[in-house]
Amino acid sequence: MERYESAREMALALRPDQPVYCFHPQVLAADAKAFIQAFPGKTAYAVKTNGEPFVLKALAGVGIDCFDVASPAEFAAVRAVAPKAEMLYMHPVKAQSDIRLALETYRIRTLSLDHEDEVAKILRIVRALDLDPGDITLFVRIATKGHAAYELSKKFGAAPGHAVELLQRIDRIGFKCGLCFHVGSQIEEAETYERALASADWVRSRAGVDLVGLDVGGGFPATYGHDPRRKAPQVPTTAELIGQLKSDLEEWGFSDMPIVAEPGRAICARSISLVVRVLLKKGRRLYINDGIWASLSDSWTGKITLPARHIPDPARKRRAGDADKIVPFKVCGATCDSVDILSRPFWLPETVDTGDWIEIGHIGAYSLALRTHFNGFYPDTIVEVERPFDEPGKPAVSFASIETMAD
Ligand SMILES: *Cc1c(COP(=O)(O)O)cnc(C)c1O
């Protein structure tokens, strides 16, 4: 990977016409370590958030020794960079052949489910491989309610009464039992985990089986930007959420049980920024060389305002407007698809123009992972950049919509 001091230095040296991902390894290390230290249990990084080998390798290097995986490609990606790491197969609905691969080839011993037919699928393979169910932990996923940019209980999770039956069923067979939930991604209020813990407690007390663990899933939010004309939204920080979660775990009687978290976004969002180029400026619209079918789909569906910084092209000698005036630009993506327009604007100096670059911050989660080849565009240039996107101190270039700057 080529290395640069800053994203700006990279942009001026390469003058890239393709999007360039700028990986900030120290930021990834710091955010991973901070999570591991703050969380009162095991940290299992959710590979789907960003499963690039360089990310997984860096995480293994700072002590992440457990990964939440959902597919054969994710098993292989983890095994390739961290052969000793534990894997938790936490997808509730799995292909029969993938269950076999997990149990037989990858020796995964922790799986999740939310339906009795999934128990039957797993049991069939356990019997075929002549495994002892007592060596395998099945986490029953319960449905939860709360406010998150993405709510996932619409798709997965057993209602509490159903979860009780499932726990009793898998206990009778001889599997070890656990409870898990995933409150959704980018959660917006601290009470979300407490509601889930209350359900988990209800299920535990009705089921009357021994539980070997509680997995609280992901959902820990990352910091993004916001409309600078409005007050910054009161999104709890990951540290605050973990603090709250700790006291909730105690209150609901889970603090003596092994606890697992599956953070994705909170660990890798800040570690990558993305330099895109303005292909055309049309009034208050910017056409850029990336979009919802490449790196920006998560911000589109999650209605996330991304922090953006202007990197002016020094070759442009004349500019219209006021460089100190930060205004919203509607952002149109690279493809010919008419839905390829971001749901939130970029806040940038009025002077931004065709040929300039924009560094988009905090884009490490669900960006590379969601890229498609649609219309022939597929950003795939990655460089290492020393200076983090939101380095404290005076920014060297125009800078907008980062929460700390608007305060
Ligand atoms: C996506 C996912 C995660 C990670 O979620 P984040 O919000 O990125 O932390 C964790 N667990 C499960 C089961 C998931 O599906």
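Residues numbered from 1 in each chain as written. Predicted model: local features only at pLDDT ≥ 70, side-chain atom pairs only at ≥ 80, totals over all residues. Heavy atoms only, no water.

## Examining unusual backbone geometry
Which entries qualify depends on this criterion: By the criteria applied, helices consist of DSSP H or I runs no shorter than four residues and strands consist of E runs no shorter than two, each listed in order from the N terminus. Only protein chains enter the accessibility calculation, which uses a 1.4 Å probe; a residue whose area is less than 20% of its type maximum is buried, one above 50% is exposed, and one in between is partly exposed.
For Asp130, which is not glycine, the phi dihedral falls at a positive 55°. Tracing the sequence through the fold places Asp130 in the loop between helix H6 (116–128) and strand E8 (137–141). Taking relative accessible area as the criterion, Asp130 reaches 67% and is therefore assigned exposed. The backbone of His362 shows a phi angle near 55°, a positive value even though the residue is not glycine. Its place among the elements puts His362 in the loop between strand E19 (357–360) and strand E20 (381–385).

## Details of the layout of surface pockets
Defined as follows: Cavity means a closed set of points on a 1 Å grid over the protein atoms alone, one where a 1.4 Å probe fits but cannot get out, pocket means an open set with protein on both sides within 12 Å along at least 5 of 7 lines, and lining means a residue has an atom within 4 Å of a point. Grid points are joined across faces, edges and corners, and a volume is the space filled by probe spheres set on the points. Domain segmentation is taken from an automatic or database assignment of domains.
Looking at the largest pocket, its volume works out to about 890 Å³. Gln186, Ala222, Thr223, Tyr224 and Val235 are, among the 37 residues lining the largest pocket, the residues nearest its centre. Where the lining of the largest pocket is concerned, the elements lending two or more residues are helix H2 (25–38), helix H9 (238–251) and helix H10 (265–268). Viewed by domain, the lining of the largest pocket spans two of them, domain 1 (3–22 + 269–401) and domain 2 (40–262), each represented by three or more residues.

## Quick word on the site of the ligand
Heads up, the rule is: When we say a residue is near a molecule or strand, we mean one of its heavy atoms is within 4 Å of it. Polar contacts here mean pairs of N or O atoms no more than 3.5 Å apart (in protein, one a potential hydrogen donor and the other a potential acceptor; neighbouring residues in sequence count only if both atoms are side-chain atoms). For the area figures, the Shrake-Rupley method with a 1.4 Å probe applies, and any residue is considered shielded solely by the protein chains shown. Three classes are used, and their members are as follows: Ala, Val, Leu, Ile, Met, Phe, Trp, Tyr, Cys and Pro are nonpolar, Asp, Glu, Lys and Arg are charged, and the others, Gly among them, are polar.
Close to the ligand lie 14 residues, the nearest being Lys48, Ser185, Glu262, Arg265 and Tyr366. Contact between the ligand and Asp68: a nitrogen atom at 3.2 Å from a side-chain N or O atom of the residue. Within the contact set of the ligand, an oxygen atom lies 2.9 Å away from a backbone nitrogen or oxygen of Arg265. Relative to its unbound accessible area of 390 Å², the ligand is 92% covered by the protein chains. Counted by class, the shell around the ligand contains three nonpolar, six polar and five charged residues.

## Focus on the side chain of Ser112
Threshold: In what follows, residue pairs with any heavy atoms lying within 4.5 Å of each other are defined as contacts.
Checked against the element boundaries, Ser112 lands in strand E7 (residues 110–113). On the accessibility criterion, Ser112 (0% relative accessible area) is buried. There is a polar contact of 3.0 Å between the side chain of Ser112 and the backbone oxygen of Met90. Ignoring sequence-local partners within four residues, the contact set of Ser112 consists of Tyr89, Met90, His91, Pro92, Lys94, Phe139 and Cys180.

## Regarding the domain arrangement of the protein chain
Definition in use: Take the accessible area each of two parts loses on contact, using a 1.4 Å probe, and add the two losses: that sum is the buried area. When a carboxyl oxygen of Asp or Glu lies within 4 Å of a side-chain nitrogen of Lys or Arg, that pair is called a salt bridge.
Domain parsing of the protein chain yields domain 1 (3–22 + 269–401) and domain 2 (40–262). Measuring from the centre of the C-alpha atoms in domain 1 to the corresponding centre in domain 2 gives 33 Å. With 19 residues of domain 1 at the interface, the matching set in domain 2 holds 16 residues. Of the roughly 1600 Å² buried between domain 1 and domain 2, counting both surfaces, carbon and sulfur atoms make up 61%. On the surface where domain 1 and domain 2 come into contact, there are one salt bridge. Inspection of the region where domain 1 meets domain 2 yields five residue pairs in polar contact (both at pLDDT 80 or more). Residue composition of the side of domain 1 that touches domain 2, by class: 11 nonpolar, six polar and two charged.

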